[in-house]
Amino acid sequence: MPGLAKYTGCPVPDTDNDGIDDEEDRCPAVAGVKRYNGCPVPDSDNDGINDEEDKCPTVAGVKENNGCPQIKEKIIEQVKYAARRIQFEKAQANLLPASYKVLDEVASILKSNPDLKLMIEGHTSNDGNREANMILSQQRAENVKEYLITQGIDASRLQAVGYGPDKPIADNKSAEGKKQNRRVALIVSNQ
């Protein structure tokens with residue numbers, strides 16, 4: 001490789017051995033990548049997870065939660081417990097009044113933790129028509145979402161999805177198993 005006179009016949013140095021010569025390297029003493037002009041991928045929140053892999057690049061978090069802060073186990077358990085108490089009219093998407101208090105508790109948790117988001121999953125057993133179950137599960141999830149919106153939770157923090165009979169948690173061969181599979185799951189995240 002031919003050198004340059006200003007480097008006494010040697011090539012342009014690459015002090016940090018990152019493949020980007022020092023004349024083009026904005027961080028010549030620290031190995032980096034070309035797309036950042038020779039500097040390392042930034043870590044804006046200094047949590048040890050670079051911004052390209054960090055789902056919460058402006059708030060320090062943990063690797064186990066993709067760079068977002070760890071959600072308190074107590075909150076996760078409270079929301080899961082509340083989900084088990086949500087009730088609907090039989091074979092309908094209408095919430096029963098007993099569900100309002102439960103969902104008010106969930107709304108209160110979300111209001112106290114404005115960084116949290118909620119995935120609302122509707123599920124059914126495998127009884128009946130699959131297409132009807134898909135529609136019912138989506139409607140139930142949407143009704144939970146709509147109720148939370150009426151309690152002051154911003155729609156952008158809520159996602160509703162219906163899985164119908166596709167994600168059973170119990171055997172669909174018994175009445176008890178089918179009962180367990182007819183549910184709404186609430187999953188908190190901060191991503």
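For the structure, check the block above.
Residues numbered from 1 in each chain as written. Predicted model: local features only at pLDDT ≥ 70, side-chain atom pairs only at ≥ 80, totals over all residues. Heavy atoms only, no water.

Comments concerning the state of the cysteines
Structurally, a disulfide amounts to a covalent bond that connects the sulfur atoms of two cysteines.
Phase 1 of the analysis: All chains considered together, the criterion is met by 2 disulfides.
Phase 2 of the analysis: Between the sulfur atoms of cysteine 27 and its disulfide mate cysteine 39 the distance is 1.8 Å. For the disulfide bridge between cysteine 27 and cysteine 39, the dihedral angle about the S-S bond is near 85°, and by the sign convention the bridge is right-handed. In this pair, cysteine 27 sits in the segment before helix H1 (73-84) while cysteine 39 sits in the segment before H1, placing the two residues 12 residues apart along the sequence.
Phase 3 of the analysis: Judged by relative accessible area, cysteine 39 falls into the buried class, the value being 14%.
Phase 4 of the analysis: Here cysteine 56 connects covalently by a disulfide to cysteine 68, the sulfurs 1.9 Å from one another. On the sign convention where negative means left-handed, the S-S torsion of about 85° between cysteine 56 and cysteine 68 marks this disulfide as right-handed. Here cysteine 56 is found in the segment before H1, whereas its partner cysteine 68 is found in the segment before H1, with 12 residues between them in sequence.
Phase 5 of the analysis: Classification of cysteine 68 by relative accessible area gives buried; the value is 0%.
Phase 6 of the analysis: Here the cysteine-cysteine linkages of the chain are recorded as 1-2, 3-4, numbering only bonded cysteines and doing so in sequence order. (Disulfide = S-S within 2.5 Å. Helix = DSSP H or I, 4+ residues; strand = E, 2+ residues; numbered from the N terminus. Buried < 20%, exposed > 50% of the residue type's maximum accessible area, 1.4 Å probe, protein only.)

Here's the deal with the pairing of strand E3 (residues 183-189)
Consecutive side chains of a regular strand alternate in pointing toward one face of the sheet and then the other.
Phase 1 of the analysis: E3 sits mainly inside the fold: 5 of its 7 residues count as buried.
Phase 2 of the analysis: As defined by bridge partners, strand E1 (residues 117-123) adjoins E3 across 7 bridges and the pair is classed as antiparallel. Across the sheet, residue lysine 117 finds its bridge partner in E3, namely serine 189. (Pairing = 2+ DSSP bridges.)

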